[in-house]
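Secondary and tertiary structure notes
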Amino acid sequence: MTTGSLGQGFSCAIGVALASKLRNDGATIYTIIGDGESQEGQIWEAAMFAAHQNLDNLIGFTDYNKLQLDDLVENICSVEPLADKWKAFGWEVIEVANGNDCNQVDEAISSAKVLKKPVMVILNTVKGRGIGFAERAGIYNHSMPVTKEMLEEGLKELRGEF
Ligand SMILES: Cc1ncc(C[n+]2csc(CCOP(=O)(O)OP(=O)(O)O)c2C)c(N)n1
Ligand SMILES: [Mg+2]
């Protein structure tokens with residue numbers, strides 16, 4: 001599911017992970033949150049609950065692109081020290097140096113699957129990576145109108161046609 005209100009998707013994923021454990025269906029539950037989203041109080045209540053329930057079937061990802069809607073995350077309200085926060089909340093943490101590299105993400109998932117606690121994978125990412133105009137826009141790409149021409153250009157770039 002995708003969600004709009006920041007924090008709610010994470011709480012839903014934790015509910016799904018708990019249900020999966022109760023059913024003993026062997027599923028792994030994946031959830032992605034933003035770094036700006038991590039400024040929400042709901043994230044931390046949910047984090048505490050997931051550890052309390054020992055949800056070792058849950059793998060979270062933080063898209064740590066250092067930007068939120070208005071500005072740099074650190075200018076609005078820093079989330080650092082992010083890894084230490086998750087550890088203090090009872091989670092295992094795996095940090096991925098280049099979160100835009102699928103191989104590095106894949107390796108992190110393999111490592112996360114054998115850990116016996118909920119795991120937060122912190123992905124150091126670049127917002128808009130893969131599409132030049134989106135990456136260059138930085139903070140302004142959050143609600144950037146995309147014309148038909150820009151869409152074509154972006155898709156070409158993602159297909160490696162430049
Ligand atoms: C509870 C809540 N407060 C505020 C917003 C408005 N809002 C939408 S996106 C956003 C910033 C999210 O930043 P981040 O999680 O870092 O995502 P990114 O922009 O990097 O993809 C905000 C404050 C919202 N959707 N929900
Ligand atoms: Mg962000």
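Structure first, text after, so check above.
Residues numbered from 1 in each chain as written. Chains lettered and ligands numbered in written order. Predicted model: local features only at pLDDT ≥ 70, side-chain atom pairs only at ≥ 80, totals over all residues. Heavy atoms only, no water.

Here we come to the site of ligand 1. Taken together, 14 residues are adjacent to ligand 1, and Asp 35, Gly 36, Glu 37, Asn 65 and Lys 127 come closest. Between ligand 1 and the protein, one listed contact pairs a nitrogen atom with a side-chain N or O atom of Glu 40 at 3.3 Å. The protein chains hide 65% of the 590 Å² of surface that ligand 1 would expose on its own. Along the lines of polarity and charge, the residues of the shell around ligand 1 split into three nonpolar, seven polar and four charged. (Near = heavy atom within 4 Å. Polar contact = N/O pair within 3.5 Å; in protein donor to acceptor, adjacent residues only side chain to side chain. Areas by Shrake-Rupley, 256 points an atom, 1.4 Å probe, with all protein chains shown as cover. Nonpolar A, V, L, I, M, F, W, Y, C, P; charged D, E, K, R; others polar.)

On to the pattern of salt bridges, then. Following the criterion strictly, the structure yields four salt bridges and no others. Of the charged contacts in the structure, one is a salt bridge between Arg 23 and Asp 25, with a shortest N-O distance of 3.3 Å. One salt bridge in this structure joins Arg 129 and Glu 135, with 3.0 Å as the shortest N-O distance. Arg 129 sits in the partly exposed class, given a relative accessible area of 41%. (Salt bridge = Lys/Arg side-chain N within 4 Å of Asp/Glu carboxyl O. Buried < 20%, exposed > 50% of the residue type's maximum accessible area, 1.4 Å probe, protein only.)

What follows covers a nonpolar patch on the surface. On the surface, Val 146, Leu 151, Leu 155 and Leu 158 cluster together into a nonpolar patch covering about 340 Å² of accessible area. Take Leu 155: it is sitting in helix α7 (residues 148-158). Owing to a relative accessible area of 31%, Leu 155 belongs among the partly exposed residues under this scheme. (Patch = residues over 30% accessible without salt bridge, like charges linked within 9 Å, V, L, I, M, F, W, Y side chains within 5 Å. Helix = DSSP H or I, 4+ residues; strand = E, 2+ residues; numbered from the N terminus.)

These figures capture arrangement, not role.
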